[in-house]
Amino acid sequence: MTPMVHLLLLPLLLSIAGGKDLEEKKGPFENTVLDVPEGTPVPYPMHQFQVTHAGVNNFRLSGEGNEDIKISKDGWLFLDRPLDWSRDDHYIIKVEALADEEVVDGPVYVTINVVDINNNAPHFNQSEYTAVVREKTAAGVPFTRVFASDQDDPETPNAHLSYSLVSQTPNTHQVHLFQINPNTGEISTTEEGERMLKARESIRYSRGEDQSIDALKAKFDDYCPAPEIPHEDNPFFTCVERAEIRRRNVDPLQDPDYTLFVRVQDLGGASENALSGNTGVHIVVQQNLWFNPGPITVKEQLEGDYPMIIAVVQSNHPEAIYSLVQKERELKFPFQITQNGGIQLTEPLDREDKNMYILVVFAKDDSDKEVEPPMEIQVLVEDVNDNAPVCENEESVFELQENEPVGSFVGQLLAHDDDQTETLNSLLTYTILPEDPTAPDVFSIDAASGRIQALRLLQRREQQVYRLNVRVSDPAFSVNCKVVIKVIDVNNETPLFEKNDYGEHTLAEDTPVGHTVVSIRATDADDPDSGSSHIEFHISAGNDGEVFAVETDGKGVGQLVLVKPLDFESSPTYKLQIDARNPEPLMEGIEYGGESTAFVTVSVTDVDEAPEFSLDVLDVTLPENTTKGSVLLTVEAKDPEGKEIGFKLDGDTRGWLEIDAATGQIKTKDKLDRESVETFDVTITAFEKENPKKSTERVLSVRLLDVNDNSPRLMEKQAFICVAKPVPVIITAQDGDSAPFSQPFTFALAKKSPNWELSSVDGTSAKLTLRKKPPADRTFQLSITVKDNAGMGVPQLFEVKVCNCTELGYCYMAPVERSLSYGMGPTIGILAGTLGFCALVFIIVIKRVKKENKKKKVNVNEEENAIM
């Protein structure tokens, strides 16, 4: 519809809309901001300018969006074409009021913000994905990832994508073996999948073992001997052969073990109106010989021949080279590994020295590149009873007041056994050995705990000290421990402070922890060096947040010490109540009074402190294809004194991020690239605007998730094969992406050929074999498709020359016959050169002749003069 037709329809549209809606759209001739949803039908009146200047009979637009936005002569700004957020998210238009083409008012500027609506369905970057997963892959560890994008506004729910698994085929047991992260699209196994996924049956090969068809025949003969039947005619062998070839060259797209149907929805998948897209993921389950045999249990002091095999590991790569290290990196490491993966113990272990070892096994190729993830294996040392009990003290001393009631607790004898706890080997029993079997028992001991109690009232005048021998036994060993029990006077005196008020003390808010505020003193008149006169200090009130503590040696002197940082804003004043107490109970009828209590007042002065972050650790993980302008996070900080703060970002050497100095909001300002750097750190600083030196820093760690934005590329594009000895060509590829978007690669000829066979060697290379020799030297242009683990790949040209070779193994190049005739160009060049040479010779000859004539003339003149 043309703008003229729109102008004709506009009055009709205005009359239909009419009323209050149109009144709200009218406004003075001034700068205006309008929000217009994308896709709004046209013509659509947005705003009418009301100009007070007399004589205005037209308006003129300029700036952005002239082809989409028009204005009528009476000042109605209207849409001439529906807006599209993905094309432009805003327009800035200049409007001028005209009187007979002369500007009489303005200009004013109109900003039109295009409001995104959910009119773009998310779509996957591939219609089908392929992936490989090993048996026993840990649940929750991604092995592949799908990726979708949405053209709607990434700052709105319209582009908030959520992934889900729709179906799994086959699923005969109705058990979900796979799961998908709804936010990232990463696919991993479930706990059931970790247990239940099984690869196709295959032949196992040991390190260095031949894997050719002849080797397969030999293995078959070992298990199923049938000498009368040739292998080619034996249906059992041909079945095994086909299965093995199929396993080695499996194509996930054509022959998957599982197919997942994946859905992606916008609006976070939380609305019935959410738009969606779908894709398929074809998965092949590969055999996994690389599994953890631990934890391994080995008895300490085990007898036998060393080194002895305690476990075996096996890589999925038969040529893997094994190495073994200790995770703790301690000096003693009594383990080693054989070339076939046998883990050996080299000497007896002692549980009391170390009860567990963590071994780390590596499997690498001959280029020292890891072919398996490192494996941590726990070795647990099983205890045997080879340690006797030990008394904690050479002599244990306890005190008991006289006249304590029968059954009073005296003390607990402490002993230990270095054998493993919670086992019979370390189970201790306690027994008092009587010195005089005829004397009555004074004390008893709990056989299980060593708790000693009095069996009668004790009097100091009868006996002040008792000495006991206590036998402590485990099932195989025993030891005698000495115990001394002192009968002390009753605690009939309370501690007395030298003064009850230690005054007010002022501390700055930044006073260091460990600072002594004041020393306090108290005395006790009970028997010296006994529990009745021992003084302990306790802060019983006013110590909010346990900021203070009293340190003492028990002899009546205490130090009030700062044990936590002060905070003026939360606690500007402390009034501490400190009580002096004895560990021994007071005699009945006596209580602690005010003389055993003192007070200390602490005032805290304010110090200008730096801003404080709400989080100590800042970590962000995001896909490398995150849209420019996306918000990573908003850091939060505040100033303890309530001052205004600002933020800055340092250390972003690539210029990928920016921070809002006022709000702390961090956004991307450029395209991210995981292949350049996978993780990087930047420093976020919060500072006082009035005093920028008062600042605090936090390190923000950013980790980029890989997306499949690189196809595998061939390392070499040319090769040759000698006809006499056609050794296969090894083709190698590499991919800039990381797992699960890189290796293992699949190699295939774009077009099947009877002359060539292409088979995989490992995850990054394939073997190109010449099956039929050409009658003469020939160069073949082969199209080879290399796909990564997610199925992404493109055909690539590979040139192979099949030729006769020299003794050194290189293609023979016959001498090239050269014709003696020349073309027109060279002929003309030679002729011109010849003529030029002749001219040069002619000039030289002429000059020499002239010179000779001149010389002769001079000689004649000299002779004439001589005659005269």
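Residues numbered from 1 in each chain as written. Predicted model: local features only at pLDDT ≥ 70, side-chain atom pairs only at ≥ 80, totals over all residues. Heavy atoms only, no water.

Asker: Hey, could you go over the overall build of the protein for me, with residue numbers and the actual values?
Answerer: A tally of helices and strands in the protein yields 6 helices and 58 strands. Taking all 868 residues of the protein together, 38% fall into the buried category. The long-range share in the protein, meaning contacts at least 24 apart out of those at least 6 apart in sequence, stands at 66%. A total accessible area of about 49,200 Å² is found for the protein, and carbon and sulfur atoms account for 51% of it. (Helix = DSSP H or I, 4+ residues; strand = E, 2+ residues; numbered from the N terminus. Buried < 20%, exposed > 50% of the residue type's maximum accessible area, 1.4 Å probe, protein only. Contact = heavy atoms within 4.5 Å. Areas by Shrake-Rupley, 256 points an atom, 1.4 Å probe, with all protein chains shown as cover.)

Asker: Describe the pattern of salt bridges, with residues and values.
Answerer: For the coordinates displayed, the defined rule picks out 17 salt bridges. In this structure, the salt-bridge partner of R698 is D616, at a minimum N-O distance of 3.2 Å. Within this pair, whereas R698 is found in strand β50 (residues 695-705), its partner D616 is found in the loop between β42 (612-613) and β43 (618-623), the two being separated by 82 residues in sequence. We classify R698 as buried; its relative accessible area is 19%. Measuring nitrogen to oxygen at the nearest pair gives 4.0 Å for the salt bridge that ties E688 to K643. Of the two residues, E688 sits in strand β49 (residues 679-688) while K643 sits in the loop between β45 (637-638) and β46 (645-650), which places them 45 residues apart along the sequence. By relative accessible area, which is 32% here, K643 ends up partly exposed. Bridged by salt links that share partners, the residues D68, R81 and R87 form one connected network. (Salt bridge = Lys/Arg side-chain N within 4 Å of Asp/Glu carboxyl O.)

Asker: Quick rundown of the confidence of the model for the protein? Include the residues and the values.
Answerer: Low-pLDDT portions of the prediction should not be read for the details of their coordinates. Looking at the protein as a whole, its pLDDT mean stands at 85, while 85% of the residues score no less than 70. Across residues 12-20 the pLDDT falls below 50, and counting only partners more than four positions away or on other chains, this stretch makes 7 contacts in the model. Low pLDDT (under 50) marks residues 816-823, which in the prediction has 1 contact with non-local residues, meaning those over four places away or in another chain. (pLDDT = per-residue confidence, 0-100.)

Asker: Got a sec to walk through the state of the cysteines? Specific residues and values, please.
Answerer: The final tally for this structure, using the stated rule, is 3 disulfides. Each sulfur in the disulfide pair C391 and C481 lies 1.8 Å from the other. The S-S bond linking C391 to C481 shows a torsion near -90°; that makes this disulfide left-handed. Placement of the pair is C391 in strand β25 (residues 390-391) and C481 in strand β33 (residues 478-488), with a sequence separation of 90 residues. (Disulfide = S-S within 2.5 Å.)

Asker: Before we move on, can you summarise the environment of L79 with the specific residues and values?
Answerer: Mapped onto the elements of the fold, L79 is located in strand β6 (residues 76-79). Sequence separation between L79 and V42 is 37 residues; the distance between their C-alpha atoms is 5.8 Å.

Asker: How would you sum up the environment of E372? Please name residues and give values.
Answerer: Relative to the assigned elements, E372 resides in the loop between β23 (356-364) and β24 (375-382). The buried category is assigned to E372, whose relative accessible area is 8%. Along the chain, E372 and F362 lie 10 residues apart, while their C-alpha atoms are 7.2 Å from each other. If we skip the residues at most four places from it in the chain, E372 touches W290, S315, N316, H317 and A363. One polar contact links E372 to S315, side chain to side chain, over a distance of 3.1 Å. Here N316 takes part through its backbone nitrogen, which lies 2.8 Å from a polar atom of the side chain of E372. (Polar contact = N/O pair within 3.5 Å; in protein donor to acceptor, adjacent residues only side chain to side chain.)

Asker: Tell me about the side chain of T785, and please be specific about residues and values.
Answerer: Structurally, T785 can be placed in strand β57 (residues 778-787). Residue classification places T785 among the buried residues on the basis of a relative accessible area of 14%. When residues no more than four places from it in sequence are discounted, the contact partners of T785 are T746, F747, A748, A750, V794 and P795.

Asker: Go over the sheet that holds strand β48 (residues 665-668), please, and point to the residues and values.
Answerer: In spatial order, the strands read β44-β48-β47; together these 3 strands make up an open sheet with antiparallel pairing. Each edge of the open sheet is held by one strand with a lone partner, namely β44 (631-634) and β47 (657-659). Each adjacent strand pair in this sheet contributes to an overall mean axis angle of 20°, direction not counted. As defined by bridge partners, β47 adjoins β48 across 3 bridges and the pair is classed as antiparallel. In the strand pairing of β48, I659 is matched with I666. (Pairing = 2+ DSSP bridges. Axes fitted to C-alpha atoms, helices over the stretch in contact; angles between N-to-C directions.)

Asker: Before we move on, could you go through the pairing of β49 and cite the residues and values that matter?
Answerer: Among the 10 residues that make up β49, 7 are buried, leaving the element largely enclosed by the rest of the structure. Alignment of β46 against β49, held across 6 bridges, turns out to be antiparallel. Residue pairing for β49: D650 is matched across the bridge by T683. Across 9 bridges, β49 lies against β50 in antiparallel orientation. Bridge pairing in β50 places A686 opposite T696.

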